[in-house]
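# Chain and residue survey
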Amino acid sequence: MERRTIFRGWLLPVAFVLPQLLLTFFFFLWPAGQAIYASMTRQDAFGIRTQFVGAENFTDLFSDPLYLDSIRRTVVFSASVAVLSMAVALLLAVFADREIRGRGLYRTLLIWPYAIAPAIAAVLWVLLLHPQIGWIGHGLRALGIHWDYKLDGAQAMLAVILASAWKQVSYNFIFFLAGLQSIPRAVIEAARMDGARGWRRFRTITFPLLAPTTFFLIVVNVVYAAFDTFGTIRALTRGGPGKATETLVYKVYVDGVENQNLGSSSAQSVVLMLAVILLTAIQFRYMGRKTER
Amino acid sequence: MNRRIDWTAHIVLILGVALFVLPVWLVFAGATQDPGAIDRGELSLLPNLHGFGVFADVLGNGVAGATPVWRMLAVSFGMALAIAVGKIAISLLSAYAVTFFRFPLRMVCFWTIFITLMLPVEVRIIPTYAVMAGFGLINSFTGLTVPLIASATATLLFRQVFLAIPDELVEAARMDGAGPWRFFRDILLPVSAANVAALFVILFVYGWNQYLWPLLVATDPRLDTIVIGIVKMIGTDSAVPWNKVMATSVLALLPPIAVVLLMQRWFVKGLTEGDK
């Protein structure tokens, strides 16, 4: 890295990093520090006096059954979204990688959903699943199924999982396809010569060679499901019915913005920060081929 | 080699495409239907050819009591553009500084930027709001965009690109007596042009699709983005004008999809070669 240094003087480079550093300090580090500080304080009911309480907010949090429920819910939700969207994406990528007519068109038609906003995906699914006006919702009712995701917690969870996974398929598809294309044709040919066919060839040769892509996507999808689905949940269910779809991020918003419980919300933020740090560390530990330092 | 048509592949892929095209088509067709019919659950797969006026209607007037859709599209467009251009600009500069200069606390700067990877807005909702309020940036376009412009990912990406530039090229530029600005313009910018294009797509979509941040910092309806606007429309418990919601959804989808499709080649390459 040192050999790259080609210009002298420090005024110019400092001027170059300054905008990035200022934004980082004011909008990332400072608020994060504030969150850590606030997580160790508690305000009285009128928000006038603030008292230092140490780790009390955290011990309260982890002895609160509602919070533990929310952790469990987030894990189930994230795992379902990751598995569902990755499975569909892998299936489509395997077939789009075949030498067939029109594969360029198929790829384009599977890539554009990358552009759909999580919240807009949710609106589309509202329009499909709505018990009164939605195609699927209406159809299910016609079949005699009591479908109303605004009243039934399990159905609500299903709806947010479907909308979240649907939006993410395209991203996973792009990566799986790139992963498949980077497998040398010779390896596949050799397996074909050895008589490994179809499913067996996929299971014993292709899938193991895709492992780095799969692992990378697991981390990305879990981060996506846990942190980027606030808009999806808000548009579809607003965390309800009851708290049936209240994930950890949604709960930070509800407790902090709607209920104005600063101490608890900050403690939850700090817990989430630790979770992101852990996930990022895992990602760089196993995927860190590019940023060695 | 294989002359037979691979029916399995075609069927799977057509179903896959339908999984994404069909919902959007349904919503598009639905937008043109009579609101009464939609309420009764009588959505048709075919658009009503006389109903296209709804698009012009929501663009110009919006839904009763809400901001017109053209205005929300303009706010979204401005936001996405400002975030994409801003992030690329300050990331190019900071990557340039940490890669080609030596200055005090260089690695401290690098790690400070790196850390922001671990602090997404979702985990620091309340304190960031407090900082924004302190700066008087609530309900301003600056507040909507500037805090989202800091980017560790883009800085890391450009640093990788710069580190991969062959020594000979750097050496040649040095021999030519290129100053910092000429080196940046004549060597670094052309070398990273493809990455800039790819990143532009990713960041434009990122900016367009923001929801939580605008929800927090902009309560003034005049600053409603299109995503915020649609969620507001379906959030009311009273009679929702479903045909207008559907028309607005279609309009909200078009710009980011157009950017992805127009720049597909760079985008796919850049996405899978960069870290994220």
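Keep in mind that what you see is a predicted model, and the values were worked out from it rather than measured. (Residues numbered from 1 in each chain as written. Chains lettered and ligands numbered in written order. Predicted model: local features only at pLDDT ≥ 70, side-chain atom pairs only at ≥ 80, totals over all residues. Heavy atoms only, no water.)

### With respect to the side chain of A:Asp255
All names here are of chain A. Locating Asp255 in the fold gives a position in helix H12 (residues 248-258). A residue is classified by how much of its surface remains accessible, and Asp255, at 12% relative accessible area, is buried. Side chain to side chain, Asp255 and Gln268 meet in a polar contact 2.8 Å long. (Helix = DSSP H or I, 4+ residues; strand = E, 2+ residues; numbered from the N terminus. Buried < 20%, exposed > 50% of the residue type's maximum accessible area, 1.4 Å probe, protein only. Polar contact = N/O pair within 3.5 Å; in protein donor to acceptor, adjacent residues only side chain to side chain.)

### Focus on the interface of chain A and chain B
Counting from both sides, the interface comprises 92 residues of chain A and, opposite them, 111 residues of chain B. The junction of chain A with chain B conceals about 9,600 Å² of combined surface from both sides, 76% of it contributed by carbon and sulfur atoms. Joining chain A to chain B, the criterion identifies one salt bridge. Across the pair A:Arg98 and B:Asp6 runs a salt bridge, and its minimum N-O distance is 2.8 Å. Between chain A and chain B we count eight residue pairs in polar contact (both at pLDDT 80 or more) in total. (Contact = heavy atoms within 4.5 Å. Buried area = accessible area lost by both parts, 1.4 Å probe. Salt bridge = Lys/Arg side-chain N within 4 Å of Asp/Glu carboxyl O.)

### Examining the pattern of salt bridges
Under the criterion given, the structure shown has 13 salt bridges over all chains. With a closest N to O distance of 3.3 Å, A:Asp255 and A:Lys251 form a salt bridge. With A:Asp255 and A:Lys251 both in helix H12 and four residues apart, this pair spans about one turn of that helix. A salt bridge links B:Asp220 to B:Arg222, with the shortest nitrogen-to-oxygen separation between them at 3.7 Å. Looking at B:Arg222, the relative accessible area reads 54%, which means it is exposed. The network of salt bridges with shared partners includes A:Arg42, A:Glu56 and A:Asp60.

### Looking at the domain arrangement of chain B
All names here are of chain B. The domain boundaries assigned to chain B delineate domain 1 (1-51) and domain 2 (67-273). The straight-line distance from the C-alpha centre of domain 1 to that of domain 2 is 33 Å. Buried surface at the junction of domain 1 and domain 2, both sides included, amounts to about 650 Å², of which 82% is carbon and sulfur. Of all residues in domain 1, Val27, Ala31 and Ile38 bury the most surface against domain 2, accounting for 53% of the area lost on that side. (Domains from an automatic or database assignment.)

### Observations concerning the packing of helix H7 (residues 153-181) of chain A against helix H10 (residues 211-227) of chain A
Residue and element names in this part refer to chain A. Viewed as axis vectors pointing N to C, H7 and H10 meet at an angle of 160 degrees, and their least axial separation amounts to 11 Å. In this view, H7 runs roughly antiparallel relative to H10, as classed from their interaxial angle. When the axes of H7 and H10 are compared, the crossing they make is right-handed. Contacts from Ser164, Lys167, Gln168, Tyr171, Asn172, Phe175, Phe176 and Gly179 of H7 reach H10 at Thr213, Thr214, Phe216, Leu217, Val220, Asn221 and Tyr224. Of the residues belonging to the contact of H7 with H10, the class tally is seven nonpolar, seven polar and one charged. (Axes fitted to C-alpha atoms, helices over the stretch in contact; angles between N-to-C directions. Parallel < 35°, antiparallel > 145°, perpendicular 65-115°, else oblique. Left-handed = near helix turned anticlockwise from the far one by under 90°. Nonpolar A, V, L, I, M, F, W, Y, C, P; charged D, E, K, R; others polar.)

### Things to note about the environment of A:Ser170
All names here are of chain A. Mapped onto the secondary structure, Ser170 falls in helix H7. Its relative accessible area of 0% is what places Ser170 among the buried residues. Residues within four places of Ser170 in sequence aside, it is in contact with Leu110, Ile111, Pro113 and Tyr114.

### A closer look at helix H3 (residues 53-61) of chain B
Residues and elements named next belong to chain B. Where H3 is concerned, the buried positions are Val54, Phe55 and Val58. Down the axis, H3 shows its buried residues gathered within 105 degrees of arc, on one side only. For H3, exposure combined with an orientation more than 90 degrees from the buried face picks out Ala56 and Asn61. Against the buried residues of H3 lie helix H1 (7-31), helix H4 (69-100) and helix H14 (242-262). (Arc of directions from axis to C-beta.)

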